[in-house]
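For reference, the chains in residue letters:
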Amino acid sequence: NPLLITLVADWLLQNPREQLKSLMESGTQTDVDAKKQFRQKLINNVLRLDLPEEFLTVWYMAHIYHRFDANILAWITEKPIDEASAIIASLSQFPFVKFRQNSQNYQLHDVMRDLVREHVLDQTEDVSRRLRRDLSTRMIEYYDIEIAKISGTHQTHDINVLRAEQLYHHLF
């Protein structure tokens, strides 16, 4: 996977000797266990972002994956829009953040989203899923507002897309 190669290259460039030594310390594990441990080390390194807001935003993006922008970040965190925009701009420099030109939204690369879910949210930070349920509740409210803004217009397709995305949060 090209994203994994990029993440590994970035990781190794930071401190090649220590990183290679760390990778070689897999002992007598099976290939599956070694691969899992490697992915865990990789995701832990990637998520050592400079600001706690960036770290949390990656979590949010792993759960709110259909669309994500400064307005959504401001909505769920109650931060001013200029602060949310700065956080999004900071994250956009990373290779695991994709910008969707047609929708003007950001998304985590699928591989990164899966890594964050598996190695961060599911195993350590949100085992009970409370954080993600709270995010889903906020997103249901967000979608209600967005749908209300365009109801009565002829944007039926956009309304249906918003409802489909909202359904994910209802089902979570």
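Structure: see above.
How each quantity is defined
- Residues numbered from 1 in each chain as written.
- Predicted model: local features only at pLDDT ≥ 70, side-chain atom pairs only at ≥ 80, totals over all residues.
- Heavy atoms only, no water.
- Axes fitted to C-alpha atoms, helices over the stretch in contact; angles between N-to-C directions.
- Helix = DSSP H or I, 4+ residues; strand = E, 2+ residues; numbered from the N terminus.
- Parallel < 35°, antiparallel > 145°, perpendicular 65-115°, else oblique.
- Left-handed = near helix turned anticlockwise from the far one by under 90°.
- Contact = heavy atoms within 4.5 Å.
- Nonpolar A, V, L, I, M, F, W, Y, C, P; charged D, E, K, R; others polar.
- Salt bridge = Lys/Arg side-chain N within 4 Å of Asp/Glu carboxyl O.
- Buried < 20%, exposed > 50% of the residue type's maximum accessible area, 1.4 Å probe, protein only.

Draft legend 1. Structural context of the packing of helix H5 (residues 70–77) against helix H6 (residues 81–91). Across the interface, H5 lies against H6 with an axial gap of 8 Å and an inter-helix angle of 120°. If you check the angle between H5 and H6, you find them oblique. The hand of the H5/H6 crossing is right-handed. Contacts between H5 and H6 involve Ala-70, Asn-71, Leu-73 and Ala-74 from the former and Ile-81, Ala-84, Ser-85, Ile-87 and Ile-88 from the latter. Considering only residue class, the contact of H5 with H6 consists of seven nonpolar, two polar and no charged.

Draft legend 2. A look at the pattern of salt bridges. All chains considered together, the criterion is met by eleven salt bridges. In this structure, Arg-67 and Glu-165 form a salt bridge, with 2.5 Å as the shortest nitrogen-oxygen distance. Of the two residues, Arg-67 is situated in the loop between helix H4 (52–63) and H5 and Glu-165 in helix H9 (residues 156–171); the sequence distance between them amounts to 98 residues. Arg-132 serves as the salt-bridge partner of Asp-126, at 2.7 Å between the closest nitrogen and oxygen. For the pair Asp-126 and Arg-132, one class covers both residues: buried.

That's the geometry; what it means functionally is another story.
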